[in-house]
Amino acid sequence: MNKILKLLILISALFVSVYAIFVYGFLELGIAVHPMMKVSFKAHPIGIYLHVFSSLIALATGPFQFNEKLRNNKIHLHRLVGKIYLICILIGGLSGFYMALFSFGGMISHLGFGLLAVLWIFTGYKAYSSIIRKMVQVHYNWMVINYALTFAAVTLRIGLGLGFASGIPFEVFYPNLAWLCWIPNLIVALMIVRKGGD
Ligand code: HEM
């Protein structure tokens with residue numbers, strides 16, 4: 001993958017992570033979301049806090065795991081960060097699935113976020129099970145797919161910006177974003193894996 005694109009992925013992932021730390025670490029819960037989402041977050045504070053803080057660790061650490069130099073020179077660090085990443089996916093995915101049951105936008109949102117959570121955990125498991133069997137290329141491929149799903153946190157926020165700019169009511173565009181935030185990422189990841197490149 002192009003170096004500039006990799007840098008853009010890193011910067012946008014760090015940007016969303018820092019945003020989440022600031023908003024969920026220091027401000028009132030639900031201050032930056034739709035009033036109905038705020039009600040749902042306040043009713044399930046443990047679910048949303050577990051989800052946000054574990055997921056943002058995965059989002060922020062993921063790009064470093066793809067750095068070849070880091071992998072080659074500091075394999076112990078790659079293994080340690082990889083384990084932390086996968087634990088965060090498990091916690092973030094389970095709590096994300098839980099929050100999907102109450103997500104804004106009805107059944108379309110519940111299914112979109114719910115399926116994303118299932119695929120997130122499943123692809124993380126495949127990445128792990130392949131590396132413990134020393135299948136390095138297979139592990140790499142599953143991680144490309146898994147991180148593309150993690151990156152839904154960034155594409156969702158780009159979609160939110162575009163949605164607001166378009167003038168379409170939030171109630172109308174948000175349920176679609178529950179799918180559009182990850183399906184294009186998944187398609188791009190599958191194309192990268194198919195090409196056999198990085
Ligand atoms: C990839 C699997 C993910 C799933 C299935 C998922 C699911 C969800 C769900 C269901 C909600 C509640 C939405 C609502 O109530 O309408 C939510 C909110 C949130 N998620 Fe995730 N999420 C994922 C990844 C991430 C990642 C990687 C981050 C990293 C920062 C993240 C950060 C947040 C934040 C900050 C919110 C609160 C809403 C906001 O402030 O915009 N999520 N997520």
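Structure first, text after, so check above.
Everything numeric in this text was worked out from a predicted model, so none of it was measured. (Residues numbered from 1 in each chain as written. Predicted model: local features only at pLDDT ≥ 70, side-chain atom pairs only at ≥ 80, totals over all residues. Heavy atoms only, no water.)

**A few points about the overall build of the protein**
Selection rule: Helix and strand assignments follow DSSP, with helices taken as H or I runs no shorter than four residues and strands as E runs no shorter than two, numbered in order from the N terminus. Only the C-alpha atoms count toward the radius of gyration. The rule for a globule is 2.2 Å times the residue count to the power 0.38. Think of it in three bands: with a 1.4 Å probe and only protein chains considered, a residue is buried below 20% of the maximum accessible area for its type, exposed above 50%, and partly exposed in between. Should any heavy atoms of two residues lie within 4.5 Å, those residues are considered in contact. Here the Shrake-Rupley method, with its probe set to 1.4 Å, supplies the accessible areas, and only the displayed protein chains count as covering residues. Counting rule for charge: Lys and Arg are taken as positive, Asp and Glu as negative, and neither His nor the chain ends is counted. Every charge is mapped onto a representative atom, which is NZ of Lys, CZ of Arg, CG of Asp or CD of Glu.
Check the secondary structure of the protein and you find ten helices and zero strands. Going from N to C terminus, the protein has its helices and strands arranged as α-α-α-α-α-α-α-α-α-α. Taking 198 residues into account, the globule formula puts the C-alpha radius of gyration at 16 Å, and the protein, at 17 Å, falls close to it. Burial analysis of the protein (198 residues in total) assigns 42% to the buried set. Counted over contacts in the protein with a minimum sequence separation of 6, partners at least 24 positions apart contribute 70%. Counting every atom, the protein has about 11,300 Å² of accessible surface; 75% of that belongs to carbon and sulfur. Between the centroid of the 15 positive side chains of the protein and the centroid of its 4 negative side chains there is a distance of 13 Å.

**Overview of the side chain of Thr150**
The condition that has to hold: Any N or O atom pair separated by 3.5 Å or less is treated as a polar contact, with the protein-specific requirement of one donor-capable and one acceptor-capable atom, and with residues adjacent in sequence counted only for side-chain atom pairs.
Note on placement: Thr150 falls in helix α7 (residues 136-150). Looking at Thr150, the relative accessible area reads 4%, which means it is buried. Within polar-contact distance, the side chain of Thr150 engages the side chain of Trp120 at 2.8 Å. For Thr150, the residues in contact, after removing those within four places along its chain, are Ala58, Leu59, Tyr85, Ile89 and Trp120.

**A word on unusual backbone geometry**
Of note in this structure, Lys134 is not a glycine but carries a positive phi near 65°. Relative to the elements of secondary structure, Lys134 occurs in the loop between α6 (106-132) and α7.

**Topic: helix α9 (residues 170-180)**
Every α-helix winds through 3.6 residues per turn, so residues three or four apart in the chain are directed the same way. Listed as buried for α9 are Phe170, Phe173, Tyr174, Pro175, Leu177 and Ala178. Residues of α9 that are buried sit in contact with α2 (35-43), α6 and α8 (152-166).

**Things to note about α8**
Inclusion rule: One fewer than the residue count of a helix, multiplied by 1.5 Å, yields its expected span.
Relative to the 21 Å expected for 15 residues at 1.5 Å per residue, α8 spans 20 Å between its end C-alpha atoms, a close match to the ideal helical length. Of the residues making up α8, those classed as buried are Ala152, Val154, Leu156, Gly159, Leu160 and Gly163.

**Considering the site of the ligand**
So the rule is basically this: Working definition: residue near molecule or strand if any one of its non-hydrogen atoms lies within 4 Å of it.
Around the ligand, the surrounding shell holds 25 residues, and the nearest of these are Tyr24, His51, Phe104, Arg157 and Tyr174. Side-chain polar atom of Tyr24 to an oxygen atom of the ligand: 2.5 Å apart, as the coordinates give it. Of all the secondary structure elements, the ones that give two or more residues to the shell around the ligand are α1 (3-26), α2, α3 (45-65), α5 (75-100), α6, α7 and α8. It is α3 that contributes the most residues to the shell around the ligand, six residues altogether.

**With respect to the packing of α6 against α7**
The cut-off we apply is this: What counts as an axis is a line fitted to C-alpha atoms, over the stretch in contact for a helix, and the angles between N-to-C directions run from 0 to 180 degrees. Angles below 35 degrees are treated as roughly parallel, those above 145 as roughly antiparallel, those between 65 and 115 as roughly perpendicular, and all remaining angles as oblique. By convention the crossing between two helices is left-handed if the near helix lies anticlockwise of the far one by an angle smaller than a right angle, and right-handed if it lies clockwise. Amino acids outside the nonpolar list (Ala, Val, Leu, Ile, Met, Phe, Trp, Tyr, Cys, Pro) and the charged list (Asp, Glu, Lys, Arg) are all regarded as polar, and Gly is one of them.
Where α6 meets α7, the axes come as close as 8 Å, and the angle between the chain directions of the two elements is 160°. Our classification of the angle between α6 and α7 gives roughly antiparallel. In this structure, α6 crosses over α7, and the sense of that crossing is left-handed. Within the contact between the two elements, α6 uses Leu116, Leu119, Trp120, Phe122, Thr123, Gly124, Lys126, Ala127, Ser130 and Ile131 and α7 uses Val136, Val138, His139, Trp142, Met143, Ile145, Asn146, Leu149 and Thr150. Along the lines of polarity and charge, the residues of the contact of α6 with α7 split into twelve nonpolar, six polar and one charged.

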